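Secondary and tertiary structure notes
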Amino acid sequence: MTQYALFVTCPRGLEAPLSEELAALECADIRATDGGVACKGTMAQVYRINLHSRTASRVLLRLTKGSYRSENDIYKLAKNINWFNWFTLEQTFKVKVEGKRAQVKSLDFVGLKIKDAVCDAFRDIYDARPSVEKVRPDVRVHAFLGERDVQIFIDTSGEALFKRGYRQDSGEAPLRENLAAGLLLLAGYDGTQPFQDPFCGSGTLAIEAALMATGRAPGLLRRFGFEKLQNFDKAEWVKIRQQAKEQVREAAAPIGGSDNDRHMVRLAEANAEAAEVGGLIRWQVQDAQDARPNGEGGIMLSNPPYGVRLAEVQALQALYPQLGSWLKQHYAGWLAGMFTGDRDMPKLMRLSPKRKIPLYNGNLDCRLFLLEMVKGSNRCAV
């Protein structure tokens, strides 16, 4: 079976959990780099990564790589790819170019050169060219430029993988699903512990916890880019999906989500129903400090609101000492995880984190603070 060179992208900071997922899916030559993991795998493994990975953003399959001195070298490399093995004249495509220290005047111009190369390759054979479609292309082509090297990929995911296919409406500033899953994995959640999120918003963390607890593949409700490629093996894909459905199991421990915004809790309930985990999560409308443990030795994980304007920041920071007292009083024996852009949060809560993990929420530099709650202790030296 043909092994392809793959690059699986992810939110920065989640390279380690993604590497573990790829190892569990038996991919070869796994190498983590900033913002993703390179590996090798067959088409069947490409299908499995797209379906099963909780932390991946996209699964890119490399078509060529080479060095360049000018945009023309990139055009030649792209023109030599057998594009018609991957898609047809009737299908639409889109090119995206990214670069790190790229020695070119403009990445947009490189994108145009690659688009021309694809069209010219088709024109040489069919005397006609496929159309470019910016919004919903059938096929997405990605190019990555280094200082002197270029790699051209075809995207096997289509829509980014954090789009699980269930979300009704995200409300304001949602946490992307693959980042939420990564936070759970980094906190050590495996579905056997009680779980709570007292700042649940539109429910992303609790829903990802429920998907994990039931062993449910996160991509079961959606379609993928590879389904439109010429080498798509439908029988193999049907078999892989069926195996994933058979792996779904009962949840072993309670899962809860609460928020003081009634509208957001309703939204979370609707999202959970659409994700087919509605019956597994207990939702409540309440203030965070009214939350109480739903079991022993659980994991609490939250993305509490953090302010952008100074007045908001000051109001939230005044709340942190109360949150610290509430955790110490009620959550002894639990692991509490707070994902925030506010570096001072643990200090203001008067708690010392066991771990501080740097992560990005989009372009926002954040931290996951993991706090082991021991009654009456955990206090920072003031």
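Bear in mind that the values here come from a model prediction, so they are computed numbers and not experimental data. (Residues numbered from 1 in each chain as written. Predicted model: local features only at pLDDT ≥ 70, side-chain atom pairs only at ≥ 80, totals over all residues. Heavy atoms only, no water.)

**Focus on the sheet that holds strand S14 (residues 364-372)**
Applied cut-off: By the convention used here, strands pair only if DSSP detects at least 2 bridges between them. By the criteria applied, helices consist of DSSP H or I runs no shorter than four residues and strands consist of E runs no shorter than two, each listed in order from the N terminus. Here an angle of 0 to 180 degrees is reported between the N-to-C directions of two axes, which are lines fitted to C-alpha atoms, with helices fitted over the stretch in contact.
The 7 strands are arranged S10-S9-S8-S11-S12-S14-S13 in an open sheet whose pairing can be described as mixed. The sheet is open, and its two edges are formed by strand S10 (281-285) and strand S13 (355-361), each paired on a single side. In this sheet, neighbouring strand axes are inclined to one another by 20° on average, regardless of whether the strands run parallel or antiparallel. Across 6 bridges, the pairing between strand S12 (residues 335-340) and S14 is antiparallel. Bridge assignment links Phe339 to a residue of S14, and that residue is Leu368.

**Side note on empty space enclosed by the protein**
To be explicit about the condition: Each cavity reported here is a set of points on a 1 Å grid over the protein atoms alone in which a 1.4 Å probe fits but cannot get out, each pocket an open set with protein on both sides within 12 Å along at least five of seven lines, and each lining residue one with an atom within 4 Å of a point. Grid points are joined across faces, edges and corners, and a volume is the space filled by probe spheres set on the points. The nonpolar class holds Ala, Val, Leu, Ile, Met, Phe, Trp, Tyr, Cys and Pro. Asp, Glu, Lys and Arg form the charged class, and all remaining residues, Gly among them, are polar.
Applying the stated criterion to the full structure yields 2 cavities of 30 Å³ or more. Every residue lining the largest cavity is listed: Arg164, Tyr166, Leu211, Arg216, Ala217, Pro218, Leu220, Leu221 and Ala275. Broken down by class, the residue content of the lining of the largest cavity amounts to 7 nonpolar, no polar and 2 charged. Each pocket or cavity is described by its volume, and for the second largest cavity that value is around 30 Å³. Surrounding the second largest cavity, Asn50, Leu51, Ser53, Leu161, Arg164, Pro218, Gly219, Arg222 and Phe224 form its lining. Split by residue class, the lining of the second largest cavity holds 4 nonpolar, 3 polar and 2 charged.

**Points about the UniProt feature "domain: THUMP" (unreviewed entry) in the protein chain**
Here is the rule: UniProt positions are given in the numbering used here, feature names are shortened, and annotations may be inferred rather than shown by experiment.
Mapped onto this numbering, the UniProt entry gives "domain: THUMP" (unreviewed entry) at residues 45-156. Here residues 45-156 is 33% helix and 28% strand, with 11 Å between the C-alpha atoms at its ends.

**Structural notes on the pattern of salt bridges**
The condition is simple: Here a salt bridge means any side-chain nitrogen of Lys or Arg lying within 4 Å of a carboxyl oxygen belonging to Asp or Glu. Relative accessibility under 20% of the residue-type maximum defines a buried residue, over 50% an exposed one, and the middle range a partly exposed one, all with a 1.4 Å probe and only protein chains included.
One pass over the structure, following the stated rule, counts 19 salt bridges. The shortest N-O distance in the salt bridge between Lys239 and Glu236 comes to 3.6 Å. Placement of the pair is Lys239 and Glu236 together in helix H7 (residues 234-246), with a separation of 3 residues, close to one helical turn. By relative accessible area, Lys239 is classed as partly exposed at 44%.

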